[in-house]
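# Coordinate inspection notes
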Amino acid sequence: MNVDKNVMIKYLLEVLKRETSENNRKKLIELGDLVAKEMGKDNCVDARTIKGYIALLIALGFDIRHETGGYYLSKRFLDRAETKLLCDQILFSSIMPADRKNSIIESLLNDLTDSDKKLIKSEINESYKSQKKFSIYDETICNIEKILDAMSKEPVKKITFDYGDYNEKKQLQLKPDSYTVSPYHFIFEQGKYYLLCQLDEDEGTGTTRNFRIDLMRNIKVRNMNAQDCPIEEDLTEYCLRQVNMFSSDMDEEEEIVLEVNSAGLRGLYDKLGLDSVIKVTKVRDDKNNKPIYKASFKASLEGTKYFVLQYLDQIVDIKTPRLKKLIEKSLKDACEKYGFKN
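## Quick look at the packing of aromatic side chains
Scanning the model with the defined rule gives nine aromatic pairs in all. Consider the rings of Y163 and F211, whose centres lie 5.0 Å apart with planes at 85°: the pair is edge-to-face. Of this pair, Y163 sits in strand β3 (residues 157-166) while F211 sits in strand β7 (residues 209-212), and the two are 48 residues apart along the sequence. Y163 sits in the buried class, given a relative accessible area of 10%. Judged by relative accessible area, which is 7%, F211 ranks as buried. Between Y338 and F340, the ring centres sit 5.7 Å apart and the planes meet at 45°, which makes this aromatic pair tilted. These aromatic residues form a ring-pair network of at least three members: F161, Y163, Y179 and F211.

Here you go:
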């Protein structure tokens, strides 16, 4: 067969990915037959040629193993469990239309064997949480591209954009004034993309803001150099302190101290992460012999307020005075607004 060597190696790699695994090994003659079929040829590729190409692939870094029963591709770019996790993250996206989910998932599955593809695809429903219209997805992708354009400049440039929120007609209603910012990082939180940035008027204060990217419009790259990011700490720790991604001045961050039950502690771990800097000690048992914990961490007061309101039944006491006043005011306002009795 007069076939380019590189082409044949490509087909061999595809066969190894699709047809082999530790539990499904192939002999050289079987691989030669599968490669020939892949190329639309009748004659089997001889075993010596396949063995030589396997040696070349191993030299290039592919983990191809020869054990009892034949050859198989051991380590893939993504294993089955990793692929499943990534596919689910795509499925859970609330801004992506179904056809885009399908095409991206198909690309992720290409590295798996046919049996693993079938297993994962059997429980995939691309319509789950999918946008029926392209507007939000297209707008988000367009906005990301424009921001990336500014961030790709040397040096990084500032951007100007309009910002708004949705009204009763589900239309984005823009605020009268635009924003000029130095863009720093993209953040994905609670199913939404945010831009971490600094407003022009906040330069020199160390204050940063978070803007939802799908709520931006009319983004323009300015011929103005962006300011350096004032955040020197680990970005993950910074984002965790912005509970629910509420932007706040640095003086609105405070050492939060709460007493919580087991469900409240789980809620804190879910929100802040097990690796976050949150100090937890058991302080006592309640009247039902259930443990009560003291949890302390630094976070945005405004963001933590909404967390506390969400977990009122699981939070035993609030030890941070300013936070306690915020909660008290929110509850009093709610009682007045809805006619509840104190």
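From this point, things continue past the structure.
## Notes on helix α2 (residues 28-38)
When we look at burial in α2, the residues that qualify are L28, L31, G32, L34, V35 and A36. Immediately downstream of α2, the backbone of G40 shows phi near 75°, a positive value.

## Quick word on the nonpolar core
Ranked by size, the top nonpolar core spans 20 residues in total, and within it L12, V35, I50 and I54 carry the most contacts. Put simply, the parts of the chain that give this core at least two residues each are α1 (5-19), α2, α3 (47-59) and β2 (70-75). For this core, the leading source of residues is α1, giving six residues. One finds L258, L268, F297 and L301 within the second-largest nonpolar core, a separate group that totals 19 residues.

## Let's talk about the packing of α1 against α3
Between α1 and α3, whose axes approach to 10 Å, the crossing angle comes to 80°. Here α3 runs roughly perpendicular to α1, going by the angle between their axes. Taking contact as the criterion, the partners of K5, M8, I9, L12, L13 and L16 in α1 are, on α3, T49, I50, Y53, I54, L56 and L57. For the contact of α1 with α3, the per-class residue count stands at 10 nonpolar, one polar and one charged.

## Observations regarding the environment of L112
Its place among the elements puts L112 in the loop between α5 (98-109) and α6 (114-121). Spatially, the C-alpha atoms of L112 and I54 are 18 Å apart, while their sequence positions differ by 58 residues. Setting aside residues up to four positions removed in sequence, L112 forms contacts with K17, R18, R76, L78, D79, R80, T83, K117 and I120.

## Thoughts on the sheet that holds strand β11 (residues 291-300)
Taken in spatial order, the four strands of this open sheet run β10-β11-β9-β12, and their pairing is antiparallel. Of all the strands in the sheet, just β10 (279-285) and β12 (315-318) have a single pairing partner and so form its edges. Direction aside, the axes of adjacent strands within the sheet are offset by 30° on average. Two elements, strand β9 (residues 253-260) and β12, share three bridges in a ladder whose sense is antiparallel. Counted as the bridge partner of E259 is D317 from β12. In this fold helix α11 (residues 321-338) packs onto β9 and β12, with an angle of close to 115° to the strand it touches most, β12.

## Topic: a nonpolar patch on the surface
Together, L56, L60 and F62 line one region of the surface with nonpolar side chains, adding up to about 260 Å² of accessible area. Tracing the backbone shows L60 in the loop between α3 and β1 (63-67).

## A short note on the confidence of the model for the chain
Summing up the model confidence of the chain, the mean pLDDT is 86 and the portion of residues at 70 or higher is 92%. Mean pLDDT across the secondary structure elements of the chain bottoms out at helix α8 (residues 235-241), with 68, and peaks at strand β8 (residues 216-225), with 96.

## Quick notes on the pairing of β2
In the sheet, β1 pairs with β2 via five bridges, with the strands oriented antiparallel. Pairing of R65 across the sheet is with Y72, part of β2. What sits between β1 and β2 in their antiparallel hairpin is a turn of two residues, with G69 showing a positive phi close to 105°.

## Looking at the pattern of salt bridges
One pass over the full model with this rule turns up 24 salt bridges. Taking the shortest distance from any N to any O, the salt bridge between D88 and K84 comes out at 3.2 Å. One end of the pair is D88 and the other is K84, both in helix α4 (residues 80-91) and four residues apart, which spans about a single turn. Judged by relative accessible area, which is 15%, D88 ranks as buried. Of the residues examined, K84 reaches a relative accessible area of 23% and is grouped as partly exposed. Across the pair K158 and E203 runs a salt bridge, and its minimum N-O distance is 2.7 Å. Linking K158 in strand β3 with E203 in the loop between β6 (192-199) and β7, this pair joins segments that are 45 residues apart in sequence. A residue is classified by how much of its surface remains accessible, and K158, at 5% relative accessible area, is buried. Members of the salt-bridge network, linked through shared partners, are E259, R284, D317, K319 and K324.

Here is what the cut-offs are and how they apply
- Residues numbered from 1 in each chain as written.
- Predicted model: local features only at pLDDT ≥ 70, side-chain atom pairs only at ≥ 80, totals over all residues.
- Heavy atoms only, no water.
- Phe/Tyr/Trp six-rings, centres within 6.5 Å; stacked < 30°, edge-to-face > 60°.
- Helix = DSSP H or I, 4+ residues; strand = E, 2+ residues; numbered from the N terminus.
- Buried < 20%, exposed > 50% of the residue type's maximum accessible area, 1.4 Å probe, protein only.
- Core = buried A, V, L, I, M, F, W, Y, C linked by side-chain atoms within 4.5 Å.
- Axes fitted to C-alpha atoms, helices over the stretch in contact; angles between N-to-C directions.
- Parallel < 35°, antiparallel > 145°, perpendicular 65-115°, else oblique.
- Contact = heavy atoms within 4.5 Å.
- Nonpolar A, V, L, I, M, F, W, Y, C, P; charged D, E, K, R; others polar.
- Pairing = 2+ DSSP bridges.
- Patch = residues over 30% accessible without salt bridge, like charges linked within 9 Å, V, L, I, M, F, W, Y side chains within 5 Å.
- Areas by Shrake-Rupley, 256 points an atom, 1.4 Å probe, with all protein chains shown as cover.
- Salt bridge = Lys/Arg side-chain N within 4 Å of Asp/Glu carboxyl O.
- pLDDT = per-residue confidence, 0-100.

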